[in-house]
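A structural walkthrough
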Amino acid sequence: MADTMDIKAAIAAERRELADLLDALPPDAWDAPTLCTGWRVREVVAHMSMGFRHSFPRQARELLKARGSLNRMTDRLARKDAADAAPRELAAFLRDNAHHPWTPPVGGLTSALGHDVVHGLDITVALGLDRRVPDDRLRTVLDATALRTAKFFGADLSGIALHADDLDWSFGTGTPVHGTAQDLLLVTFGRKLPPGRLRGERSDRFRAA
C-alpha cells in the first residue's frame, strides 16, 4: 500500500496532468458525452472540482434542496458550474487545487485519488484518447476494490473474476473477464465501456449499448 505522502503526490500529479490534457482539447470536445451518463466533458470536470470550490455548508444546503439525494445534488451543481465557467477555468480549477486536501465522505485519500483517476478516464476513454494512467496510481486504487464499494457504484461483479492484462491484479471469482487495468477499474466503478475493450464470455455485461 502506498503511504500518505505518496498518495498526496499522486493526486497532485493526476490533477495537473488532467488539466494539461483538458487545456489541449478542441472546443467541441467539451460538449462531447462521457462515460458518466448524461454528463458532457464540462460537467465531469466541474464535478471533479466541486469539493474544492463549495464549502461543506453550501453542499449541505444543496443536499437539502435535492431532498437528500446526493445524485441530484451533484448533478445540479455540475450542470450549474459547467454553464457558469469557461473550459479553461474548469481546467484551472484542477491545476490550481492540485494539493487541495478534499476527500470523499468515505475512503480518505485513496478514494480521492480514485475520484480523480476514474473521472479522468470517463473523459479520455469516451473521447478515444490514448492516455495511460501510471501503474502506481492504478495499483493504489485497485487494491482498495471491494464488493460493497462496487455495488455502491452500481457494478454487478457477481460470478465474475476480473483479470488485468497489463498489471498483476485480479479480483473476484467466477467467469474471467480480461482487460487493461484501467478499463477494469472503470468496471468496478459501474461504468459501461465501448465495445472491444474487454474480453470474456460475460464481458458484454460491462459494455455500453
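Everything here concerns the structure above.
The paragraphs below set out a description of the structure included in this document. Numbers given to residues run from 1 along each chain, matching the order in which its sequence is written. Where totals are concerned, whole chains, interfaces and linings use all residues; where local detail is concerned, this predicted model gives features only for residues with pLDDT of at least 70, and gives and counts side-chain atom pairs only at 80 or more. Computation of side-chain values: all heavy atoms of the structure, hydrogens and water removed.

What follows is about helix 5 (residues 70-84). Its 15 residues place the ends of helix 5 21 Å apart at the C-alpha level, agreeing with the 21 Å of an ideal helix rising 1.5 Å per residue. Along helix 5, the residues that are buried comprise Met-73, Thr-74, Leu-77, Ala-78, Asp-81 and Ala-82. Mapping the buried residues of helix 5 onto a view down its axis gives an arc of 150 degrees, with all of them on the same face. When checking whether two residues touch, look at their non-hydrogen atoms; a contact exists if any pair is within 4.5 Å. Helix and strand definitions here come from DSSP, where helices need a minimum of 4 consecutive H or I residues and strands a minimum of 2 consecutive E residues; each element is numbered from the N-terminal end. Summarising the contacts, the buried residues of helix 5 are in contact with helix 2 (41-48), helix 3 (50-53), helix 4 (56-65) and helix 6 (87-96). To estimate the expected span of a helix, count its residues, drop one, and scale the result by 1.5 Å. Each residue is assigned to one of three classes by its accessible area relative to the maximum for its type, calculated with a 1.4 Å probe on protein chains only: buried under 20%, partly exposed between the two thresholds, exposed over 50%. Working note: the arc is built from the helix axis to C-beta atom directions.

Moving on to helix 2. Count 3.6 residues to each turn of an α-helix, and residues three or four apart come out pointing the same way. Burial runs high along helix 2: eight of the eight residues are buried. Along helix 2, the residues classified as buried are Val-41, Arg-42, Glu-43, Val-44, Val-45, Ala-46, His-47 and Met-48. Where helix 2 is buried, its residues contact helix 1 (4-23), helix 3, helix 5, helix 6 and helix 7 (108-127).

In this section: the packing of aromatic side chains. The criterion for an aromatic pair is that two Phe, Tyr or Trp rings (for Trp, the six-membered ring) have centres within 6.5 Å, with stacked assigned to planes under 30 degrees apart, edge-to-face to planes over 60 apart and tilted to the rest. According to the stated counting rule, one finds three aromatic pairs in the structure shown. Centroid distance Phe-152 to Phe-153: 5.1 Å. Interplanar angle 85 degrees. Geometry classified as edge-to-face. Residue classification places Phe-152 among the exposed residues on the basis of a relative accessible area of 64%. Judged by relative accessible area, which is 38%, Phe-153 ranks as partly exposed. Judged by centre distance (6.3 Å) and plane angle (5 degrees), the ring pair of Trp-169 and Phe-171 falls under stacked. Pairwise contacts between aromatic rings join Phe-152, Phe-153 and Phe-189 into one cluster. Whether a charge sits over a ring depends on NZ of Lys or CZ of Arg being within 6 Å of the ring centre and within 35 degrees of the ring normal. Lying across the ring of Phe-93, Arg-53 places its NZ or CZ 4.6 Å from the centre.

Where empty space is left in the structure can be found by rolling a water-sized probe over the atoms. Volume-wise, the largest pocket comes out at about 1700 Å³. With a 1 Å grid laid over protein atoms only, a set of points is called a cavity when a 1.4 Å probe fits there but cannot get out and a pocket when it is open yet has protein on both sides within 12 Å along at least five of seven lines; lining residues have an atom within 4 Å of a point. Surrounding the largest pocket, 47 residues form its lining, His-47, Leu-70, His-115, Phe-152 and Phe-153 being those nearest its centre. When contributions to the lining of the largest pocket are tallied by element, the ones reaching two or more residues are helix 2, helix 3, helix 4, helix 5, helix 7 and helix 9 (147-152). Class assignment of the residues belonging to the lining of the largest pocket gives a composition of 23 nonpolar, 20 polar and four charged. Grid points are joined across faces, edges and corners, and a volume is the space filled by probe spheres set on the points. Only Asp, Glu, Lys and Arg are considered charged, only Ala, Val, Leu, Ile, Met, Phe, Trp, Tyr, Cys and Pro nonpolar, and every remaining residue, Gly among them, polar.

Our next topic: the pattern of salt bridges. Take a side-chain nitrogen of Lys or Arg and a carboxyl oxygen of Asp or Glu: if they are within 4 Å of each other, that pair is a salt bridge. A complete count under the given rule lists 20 salt bridges for this structure. Asp-116 serves as the salt-bridge partner of Arg-15, at 2.8 Å between the closest nitrogen and oxygen. Of this pair, Arg-15 sits in helix 1 while Asp-116 sits in helix 7, and the two are 101 residues apart along the sequence. Assessed through its relative accessible area of 0%, Arg-15 is described here as buried. On the accessibility criterion, Asp-116 (0% relative accessible area) is buried.

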